[in-house]
Amino acid sequence: MTPMTTIFETSIERTLETLVMGAKPGLPFEAWTFDDTKSRREAEQALKDKGITARIRSAYKPLLFTFLEEIDLAGVTAIEVRYPVHANAPANRFRLEAYPLASLVGDAKIDFIAREDGEFFYDVTLTRNGQTETLKVLVPNRVHEDVVGETNVSPTGWYRAEGDATGERLETDYERLFHGAIDAIAGHDWGATEPYFEELNIRVSHPAEDMELPVGDEVVSLREALHEDFYFSLLEFFQKKSGRPLGDRGLKPGQIVPEIVKSAREIGIRVETRPLTTGFLDGKEQAIDTATEPPAAAQMAKLLAEIGGEEFSANSRSGRVLSARYIKGSDAAVMISGGQHPNETTGIVGAIRAARTLKERTNAHFTISPLENPDGYALHQRLRVDNPRHMHHAARYTALGDDLEYRTRENSGEHLNEKAIRFAAQEISGAKLHVNLHGYPSHEWTRPLSGYVPRNFAMWTLPKGFFLVMRHHAGWTEQAEAMLDHVTRHLGAIPGILDYNNRQIALYETHAGETGFRIINGFPCLSSIDDRHTVPLTLITEYPDETIYGDDFIAGHTAQMETVISAYEAWQLLQSNASA
């Protein structure tokens, strides 16, 4: 068992308090910090009480907050936003950073136009009552090298005294906390053998409130952004340390757990190694067909046992049992799985619901493993207590820190663990179709201190509806296309789902550009030859479910269930036609 070892611990004076204490009477100023609206307004009032006029703006998504806090849209019929383009950032970076502005301006027409001068300003033109108004919106950024040697263009704090046209960088508490911890972790002696730890825990206290927006599931959260930046920056550090390329999903560093909790005022961090958690802070039991949040793992085990059939299992790193079932029949076999990434929770419920339905069919033939990563699921349930709506990508991988999809018998050594369930499912059933249920963020995903756009995950930064990914072996293109056609036609009959897709895709395209997907019967789809999978056809669902509740959650797991049932039926037709 790994001993508990403290690697880094500090508290940091809040930048807003420093600004208030250090301000000089008679010297108005502007500043940009990583703080919520309420805290910034309180600091402005404290300065006003000292006789100082100040405006403190958000360093995170400054254009969005300018519209939310400062611009009166009454009578505005058209908005033109000229956004920066920088050589060291994706071309659409600052257009993305304005998200979801297009859905917050009422009936006004909005256009985004690239500016090529590289200066960190948005030029905004408002048309109101036939007249135009223009303003410049500073978007403070810095060009810097990160812990893995990549060059980033990242938001930063800024200070500008009255009469100073440019101002200067203000290193904020948010930035100091993040970079201090990353540097301490990078400087620690981790040895040479994976995994390097059992749990690497990064516990942060930060006072920022989350801000819900009246658009889908959108929420602006500085604490969630910090979780994402810590988690993926540390994955990248350990990828580089191990000699792997950035983005390699086979890395097994151990379980990286940023816990970003809301404080009253203080800002602090403690980084330590811990023993692996083997307990389970479980969810509640619910009627599974109408579950409004991720269900208890114990309930999932009970429902799986009720399906019957032949049980087979594997063990996770922590020793949790990963259970699956084989229903043997004369139909063409199908593998059904959920919870590979267990913060993608609609697929876990959708898989078990589909299996409960399919088992009633005469000649049903399938395997069902609804929760392939129980260690990740336990972490997700734990993290939801403090931040129920956050994405929690730290729960995406296993306790070894890898994506179980990328384990093979050849590269896993003694750590085959959860992946054994996949091999067993294929061997026991002979299935040639795998329906693998997944999800992705239901609101914007950012890494503000590492270039804003999540590295290697740029296509996932904004929601774009429920879409499907088909990976197939060479020679299986015809079956793959037939499967996508059948499934999307079936899904299109679900009330409201096409409108849901269309709304999200339209907003995505306004802020990010073309999706790059094919649209099949109203659903975005990607299909490609991929011989990495051991089955010839793998249908992957992607529902924007990180992290939704209530009716939205029910709609999500219902769509997942319907996908499985439709794919199962399509597979029977394809096999019947092939043998005719």
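Residues numbered from 1 in each chain as written. Predicted model: local features only at pLDDT ≥ 70, side-chain atom pairs only at ≥ 80, totals over all residues. Heavy atoms only, no water.

A.B. asks: It is not clear to me how the sheet that holds strand β15 (residues 255-262) should be interpreted in this structure. Could you clarify?
C.D. replies: Two orientations exist for strands paired in a sheet by backbone hydrogen bonds: parallel and antiparallel. Read from one edge of the open sheet, four strands run β1-β16-β12-β15, paired in mixed fashion. Of all strands in the sheet, those bounded by a partner on one side alone are β1 (5-11) and β15. With direction set aside, neighbouring strand axes in the sheet form an average angle of 10 degrees. Bridge count between β1 and strand β16 (residues 268-274): six bridges; the pairing is antiparallel. Residue Ser11 lies in a different strand from β16, and its bridge partner there is Gly268. Against the sheet, helix α9 (residues 374-384) contacts β12 (199-206), β15 and β16, and its axis sits at roughly 10 degrees relative to β15. (Pairing = 2+ DSSP bridges. Helix = DSSP H or I, 4+ residues; strand = E, 2+ residues; numbered from the N terminus. Axes fitted to C-alpha atoms, helices over the stretch in contact; angles between N-to-C directions. Contact = heavy atoms within 4.5 Å.)

A.B. asks: Help me understand helix α1 (residues 15-22) in this model?
C.D. replies: Count 3.6 residues to each turn of an α-helix, and residues three or four apart come out pointing the same way. Where α1 is concerned, the buried positions are Thr15, Leu16, Leu19 and Val20. Along α1, the residues classed as buried sweep out an arc of 140 degrees about the axis, all on the same side. (Buried < 20%, exposed > 50% of the residue type's maximum accessible area, 1.4 Å probe, protein only. Arc of directions from axis to C-beta.)

A.B. asks: Would you explain the pairing of strand β17 (residues 310-315) in this entry?
C.D. replies: For a regular strand, side-chain orientation follows a simple rule: the groups alternate between the two sheet faces. As paired elements, β17 and strand β18 (residues 321-327) share six bridges and run antiparallel to each other. Each residue of the ladder has a partner; that of Glu311, found in β18, is Arg325.

A.B. asks: Teacher, can you tell me more about the nonpolar core here?
C.D. replies: Proteins that are soluble and globular tend to have nonpolar side chains buried together. Of all hydrophobic cores here, the largest spans 92 residues; its most connected members are Ile79, Leu200, Ile202, Phe230 and Phe238. By residue number, the principal contributor to this core is helix α6 (residues 222-241), which donates 10 residues. Core analysis: the second largest hydrophobic core is formed by 53 residues, Leu303, Ala355, Ile520 and Ala559 among them. (Core = buried A, V, L, I, M, F, W, Y, C linked by side-chain atoms within 4.5 Å.)

A.B. asks: So what exactly am I meant to see when it comes to the layout of surface pockets here?
C.D. replies: The method is simple in principle: a probe with the dimensions of a water molecule rolls over the atoms, and the space it marks as empty is what remains. Estimated volume of the largest pocket: approximately 500 Å³. Gly216, Tyr500, Arg503, Gln504 and Asp552 are, among the 22 residues lining the largest pocket, the residues nearest its centre. Mapped onto the lining of the largest pocket, the elements with two or more residues apiece are α12 (497-512), β25 (537-546) and α13 (550-579). For the lining of the largest pocket, the leading source of residues is α12, giving five residues. A class-by-class count of the residues in the lining of the largest pocket yields 13 nonpolar, five polar and four charged. One number sums up the size of the second largest pocket: a volume of about 380 Å³. Along the walls of the second largest pocket sit 27 residues, with Arg249, Arg396, Trp460, Arg471 and Glu542 positioned nearest its centre. Elements represented by at least two residues in the lining of the second largest pocket include exactly β21 (433-441), β22 (467-472), β24 (523-529) and β25. Across the lining of the second largest pocket, the residue classes break down as 11 nonpolar, eight polar and eight charged. (1 Å grid on protein atoms, 1.4 Å probe; cavity = no way out; pocket = protein on both sides within 12 Å on 5 of 7 lines; lining within 4 Å. Points joined across faces, edges and corners; volume = space filled by probe spheres on them. Nonpolar A, V, L, I, M, F, W, Y, C, P; charged D, E, K, R; others polar.)

A.B. asks: What am I meant to see in unusual backbone geometry here?
C.D. replies: When glycine is set aside, most residues are seen to have a negative phi, and most peptide bonds are trans. Of note, the bond from Tyr99 into Pro100 is cis; its omega dihedral lies within 30 degrees of zero at -5 degrees. By the secondary structure assignment, Pro100 is in the loop between α4 (93-96) and β5 (109-115). Here Glu546 and Thr547 are connected by a cis peptide whose omega angle stands at 0 degrees. As for its position among the elements, Thr547 is in the loop between β25 and α13. Positive phi values are uncommon outside glycine, yet Asn129 reaches one of about 55 degrees. Looking at the element boundaries, Asn129 is found in the loop between β6 (121-128) and β7 (131-138). One non-glycine residue with positive phi stands out, namely Asn417, at about 40 degrees. When you line up the elements, Asn417 lands in the loop between α9 and α10 (420-429). A relative accessible area of 18% places Asn417 in the buried class.

A.B. asks: What am I meant to see in empty space enclosed by the protein here?
C.D. replies: Enumeration according to the criterion identifies six cavities of 30 Å³ or more in this entry. If you add up the space inside the largest cavity, you get close to 120 Å³. For the largest cavity, the lining is made up of 16 residues, of which Tyr60, Val219, Val220, Ser221 and Glu444 are closest to its centre. Secondary-structure elements contributing two or more residues to the lining of the largest cavity are β14 (219-220) and α6. Counting residues per element, the lining of the largest cavity draws most heavily on α6, at three residues.

Remember, this is a structural readout, not a statement about activity or role.
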